[in-house]
Structures are given as structure tokens and as C-alpha cells.
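Descriptive analysis of the structure
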Number of protein chains: 2
Amino acid sequence: MKNYTLRRHNDQPILVTADVTPSEPGFAVLGAFNPAACRFGNEIILLLRVAEAPLPDPDQPNTIAVPIVQFDPKTGEAELMVKRFPEPAEPYDPRVLTIDGQTYLTSLSHLRLARSYDGVHFIIDPQPFLFPARPDESFGVEDARITKIDDTYWITYTAVSENGPGVGLAKTTDFVHVERVGMVLPPPNKDACLFPQRVNGKLMMLHRPMVSDIGKPSVWICESDDGVHWGNHRFVFGALGEAWEFQKIGAGPEPVLTDDGWLLLYHGASQTHEYALALALLDQNNPGQLLDRSAAPLLTPELSWEREGFFPNVVFSNGWVAQPDGSWLVYYGAADSGVGLAILERK
Amino acid sequence: MKNYTLRRHNDQPILVTADVTPSEPGFAVLGAFNPAACRFGNEIILLLRVAEAPLPDPDQPNTIAVPIVQFDPKTGEAELMVKRFPEPAEPYDPRVLTIDGQTYLTSLSHLRLARSYDGVHFIIDPQPFLFPARPDESFGVEDARITKIDDTYWITYTAVSENGPGVGLAKTTDFVHVERVGMVLPPPNKDACLFPQRVNGKLMMLHRPMVSDIGKPSVWICESDDGVHWGNHRFVFGALGEAWEFQKIGAGPEPVLTDDGWLLLYHGASQTHEYALALALLDQNNPGQLLDRSAAPLLTPELSWEREGFFPNVVFSNGWVAQPDGSWLVYYGAADSGVGLAILERK
């Protein structure tokens, strides 16, 4: 993978938390990051993950608020509610709260559209595009990927609930109406992306099983006839034991077909939870076969806004867009707070 | 679920480790347990999990042996090999070994047939029925369920490799030839069982996602048109916080349709890894809907051979067979060593 370079557009983020309005009164935006990306007509669209948290309640000091979307199976309605728990006496991770063996998130993420004509300046919708609304989304929807197949934009995303994170699938043709297909991979799984065309007649999807007991961080592939039902799961590649990808390894945006095979942008996370970006190449006709991968990451968190934020030391990409000159606009989440832009070029 | 009783056939196991011959020279059988079960003609068939370990090598004292099935992608051949590592200086769990961040199993399981005319006395095949042979089976195949759908016996099983445990599927019509369908649910997942008939035109399967980070022990359901590709994953029921099912909760053998709905035998595991058996009832037309469940376990490890063995304090069932009088023969693994028999009756 020596013939690719990934360099920052400049030293500033293209989107920051302050650019985004909260979706609900009583909530604050903690970050707008990890966008999916695609071309739509003459626009470039980002589908941002917006993380929000309830504002402090002056009447309930020394509490931690947990936002949960509760689903009523009788009415089919989902309702956003806030639970408050006493603040732990011990130091704690501010993103999660464990009470009586149940882990909660202190923020709730939804997916929000942003639109641009130049790929750099974006107008952010005031309202969510996809807000948690299912029992398996009670803790939020996160980290989308958009893949255009024929005339439909398929959106894979992480659906999180008290039962863990799984892979949800939705589709749209106009980015106004969106239809949920359902949970296509059960917990614990994340970072799924569809291929933009069928391979040997099958829809293909990469995904990242999470580790429980035995197991190592790895990327898997599976296939489907209809996009709803998936099977023939196979291991594709795993962490090589290098420090930067020791703890996690997962696919980024949709793979892109090149003369050399399917080009894949992926992330690794180190034992100290630092996220970096790298490239891999999969066989054109057998994308479960790894052909090549980066020997070292192409982008690591270096700038202050990549190193400091809601979750520090992260560059994470789940959206890229082809340019007419053959280069790629790579959008990446920075420190779970804002969005950076880098350019991928082939030498 | 008050109208069911589950009582032991007698106080002895029906099968013990010593009844089973090793499948390979140089190996010893550690246990024969957790059998799937079904009627086949006028026989009752068990599909046992047989766990084997390499015998000590006098030339390599103070080592721990790890059996691994290595798959050669070029030839498509799988080969059983033994790696030996220096024995750790610290006390360790004898079932697993972690070296440089990779967890290995110290035993390798395969599936072995046993046949009976009375359901109590079994003849055990000398050779494996399903031996690990795929990359995702390098650490073994475990804990099968058999579900007869039309004229085919579908076998779900846990396929374990260095990338974790997933759900493999195979099928047979004669219990002589067996055809693998592939991995139908990726790691980390276990304890999957198919329903014996379609519901609303779909094949249905229960499964148990394993917990990683956020999440609680729970049983899920999914559906398929062809048995190969699965989707529409939904949470069915989870641990209620009772001690006996605090750590794990998973489906047993295939659900059985009764007048009240789908009857399910399931297991719970406590925080101290003690496994017990209980019942649940799922809606006939919407089996993702829980109707009822046991308030307390129906069978817990009490006898010496249930409390002492390769893994102590386990009663675990993945096989049951209907009797002409309306009762059920419930075969259960005891302490990961032998097999017990209990009778399920409706009052």
C-alpha cells in the first residue's frame, strides 16, 4: 500500500460541535463527528453522528443524567426520557455509567445531515435525519456508512441499546424519507459497510465482531441476496500485533473498486484507545481475500482538535467521496467532537 | 410455568467419559457431554460434544499442549496439530491458555454420534461425526442442536477459532453424510437453535449474543428464507437479575409447539459459573414475544457427577426427545464430563 498518501486539507476542522444546534430543548450537543459521506446530485452529503446530553438540572445537583429512548410495544411509539442517578463517589469515565450491573451511556447519538457544494463548507440540518426509535436503539444510533447501490442509498449504522451494539440498516433514495430495514447483525458488532456493487451476484458487507472471552480484533465479511438476511460469515483480516491496532480493527466507509482490487480504509485502536487510519486491498472477485495492507497508519491524531475532545486521540473515518481528478475526500471524526478533511491520493 | 416438573431419571449418569474412545492416537477424552438429541427411525440419536486433549509428552515436561486444526487455504485440507507452550509459573485455568494476548483452548471438541433403542442405553460411534475442518473451527466444534424440518435434520453448533465462537450450520438426512452450510452467525455468539417449522413463512432461530462492553446476557431471535442468510434480529428475553442467571442465559434444544405456545428449555449461569435449567414460553405466531418463564430453575447441579468434572457445577441441556406418553426425555451435560437424563412432565 506504499503508493497512497493521506494528507490533511489544512490544520482546521471543517465542522465543530458549536456548529450544531441541539435536537431537543434541555439538551446540549457534545460532539458532531464520524460522518458517513456520499455524492447526491451536485451536493456532497455528510451524515453526522451528533451526541447530545441532558443539561444539568439545578433542582437535582450531584446527579448524572442518562438519556434513554423508551419504546412502547403497544403503541409502537418511542419516547425520549432522562433518568438521573446519584453521582458516583469514585472517579468515573464520564461517557458511561454502570448501576447495578447495567451500563448506560451518558449521551444519546442520532444521525444528522449536512450538505455542501464544495465538500468543505457544510450547512447542517437543524433536525435529525435518523433519531433512535426502536427497542434496539434505546441508547442511540451511531457511526453510519452510506453505500449507493443502483439508485438506493443504503445506510448501515450502529444501533445501541442496553443489550449491546448491533448493526442497523436503513435506506433512502432522496435523503428526505428514510426506511429502516431492521437489525442485520446482532450484538456485539459494529462498523459494518456494504460494497457498492454485487460480487458474484451477492451483496457483500464487512463488519467487526467485538471480542468476548476468546477472540482477537478482526474484520469479517458476509453476503446476502436481499440486503435483509446475511450469511456465509468469514474472517478477512485481524490485528497483526502492532501497537496501533492492538485493541480494535474495523472497516471504514464503503470499499471502492480499483484496478488492483477493493480499496478499503480502516481504523485501528491501540491499547491506550488511540485511533488511527490505514488502507487495505481486497481481491476483486473474492473480497474475503486480503491482498495487501498498510505497514503503518496513514493518519494518526496529531493536531490539538484530534487529541482533545469528548473522547481524546481519535481520527476515525466512515465517509469518503471520489473527486474528478482521481483523488478522494476523506472525512474523519476528530476526538469524537468535530470533523476533519484529508485528501487521499495515489502517487 | 408452574405446571411443569423436571426430575432425574435416576441418580446415575447415562454416559461417562470412560465410555468414549479417543478419535486420535496420542489424545485422551476429557469429557463427553452436552448432547443434541432427536428421534431417527426407531432410534434415539445423541450428538455428543467430545472434548479431547493431547497426552503429556515425556520428552517435553512442564509444557501445556494446545490442539489446533490448521486449515490450508491452497489445498482445502485441515490438519490436526499440537503446539506446546511452557507451563505458566502462576496458577491458571486448565481449560484455557493465554500467550502474548492470544487465548487458546487446551482441549479440542468434536461431535460424536451415540444411538439407542430405549433412550437410556447408548452405543457410541468410535469415530467423529463432525470433526473441526474449517478456518472458523480451528479450536473445535461444540454444543450442537438438532432440529428436524421436513425430512432434513439441521444441526447448529458452536464453531470456535482464535477469532472467537460463532454459530455453524450443517445438515444431514441419514446421520451418515453431513453437509456444512457455513457460519450463519458471526462471533461472539453461541447456543443457537432452529424452530422445527416455519412461522409466518420464515425459518426462525434463537441465539445468544455474548456480552462485550455494554450489554446484558440475553436470548435473541432471527429469521431466514433459506437457512443460510439470517436477519431481523430481535431481543427476546434477558436475565432478570436473579443470581442463578446473572452471567449467562441461552436457549437449549429446539423449541416445541404446545397448546400454550413454543416451549423452550433454557440455561442460566450464575456469577460463580454454576449452570441451571429453566423453561420459557414464546408466542406461537410471534415467537419473539415472551409469554412466561420459570420463576426459579427446574434443575440445578446437585449430584456429585454434576458438581465435579472437567468444568464443575453444570447441568446444561441442548437435546430433548418427545415420548409417546406426552413426557420428554431431557438429556443434559453434567460438569462438562458426562450425560444425565431427566424427565419433563406437565402436571
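Residues numbered from 1 in each chain as written. Chains lettered and ligands numbered in written order. Predicted model: local features only at pLDDT ≥ 70, side-chain atom pairs only at ≥ 80, totals over all residues. Heavy atoms only, no water.

Chain A carries the name Glycoside hydrolase family 130 protein in an unreviewed UniProt entry, which gives Fibrella aquatilis as its organism. In its Sequence similarities (unreviewed entry) section, the UniProt entry covering chain A states "Belongs to the glycosyl hydrolase 130 family." (UniProt positions renumbered as here; feature names shortened; annotations may be inferred.)

1. Comments concerning unusual backbone geometry
Residues and elements named next belong to chain A. With omega at -15°, the peptide bond leading from P187 into P188 counts as cis. Looking at the secondary structure, you find P188 in the loop between strand 13 (179-185) and strand 14 (189-194). Of note in the backbone geometry, N62 takes a positive phi value of approximately 60° without being a glycine. Relative to the helices and strands, N62 resides in the loop between strand 3 (43-54) and strand 4 (63-72). (Helix = DSSP H or I, 4+ residues; strand = E, 2+ residues; numbered from the N terminus.)

2. Some thoughts on the interface of chain A and chain B
The interface is formed by 42 residues belonging to chain A together with 42 residues belonging to chain B. A combined buried area of about 3200 Å² lies between chain A and chain B, and 60% of that area is made up of carbon and sulfur atoms. The tally of links between chain A and chain B comes to 0 salt bridges. The tally of links from chain A across to chain B stands at 9 residue pairs in polar contact (both at pLDDT 80 or more). Within the side of chain A that touches chain B, the residues separate by chemical class into 18 nonpolar, 15 polar and 9 charged. (Contact = heavy atoms within 4.5 Å. Buried area = accessible area lost by both parts, 1.4 Å probe. Salt bridge = Lys/Arg side-chain N within 4 Å of Asp/Glu carboxyl O. Polar contact = N/O pair within 3.5 Å; in protein donor to acceptor, adjacent residues only side chain to side chain. Nonpolar A, V, L, I, M, F, W, Y, C, P; charged D, E, K, R; others polar.)

3. Focus on the sheet that holds strand 15 (residues 203-209) of chain B
All names here are of chain B. Spatial ordering of the open sheet is given by 14-15-16-17, a layout of 4 strands whose pairing is antiparallel. In this open sheet, the two strands that pair with only one neighbour each are strand 14 (189-194) and strand 17 (231-238). When strand polarity is set aside, the average angle formed by the axes of neighbouring strands in this sheet is 25°. (Pairing = 2+ DSSP bridges. Axes fitted to C-alpha atoms, helices over the stretch in contact; angles between N-to-C directions.)

4. Structural notes on the confidence of the model for chain A
Averaged over all residues, the pLDDT of chain A equals 95, while 100% of them reach at least 70. Scoring the predicted complex yields pTM 0.96 and, for the interface, ipTM 0.95. (pLDDT = per-residue confidence, 0-100.)

5. What to know about the sheet that holds strand 1 (residues 4-8) of chain B
Whether parallel or antiparallel, the strands of a sheet pair through hydrogen bonds between backbone atoms. Residues and elements named next belong to chain B. One open sheet holds the 4 strands; their spatial order is 1-25-24-23, and the pairing between them is antiparallel. The open sheet has two edge strands with one neighbour each: strand 1 and strand 23 (315-322). Neighbouring strand axes in the sheet, compared pairwise and without regard to direction, differ in orientation by 30° on average. Of the strand pairs in this sheet, strand 1 and strand 25 (residues 338-346) are connected by 5 bridges, and their pairing is antiparallel. Each bridged residue has a counterpart across the sheet, and for R7 the counterpart in strand 25 is I343.

6. Some words on the pattern of salt bridges
Residue and element names in this part refer to chain A. One pass over the full model with this rule turns up 32 salt bridges over all chains. D93 is paired through a salt bridge with R95; the nearest N and O atoms lie 2.7 Å apart. Residue D225 pairs with K202 through a salt bridge whose shortest N-O separation is 2.9 Å. Residue D225 is located in the loop between strand 16 (218-224) and strand 17 (231-238), and its partner K202 is located in the loop between strand 14 and strand 15 (203-209); the two are separated by 23 residues in the primary sequence. For K202, a relative accessible area of 18% puts it in the buried group. Salt bridges here are not isolated pairs; linked through shared partners, they connect R8, E302 and E306. (Buried < 20%, exposed > 50% of the residue type's maximum accessible area, 1.4 Å probe, protein only.)

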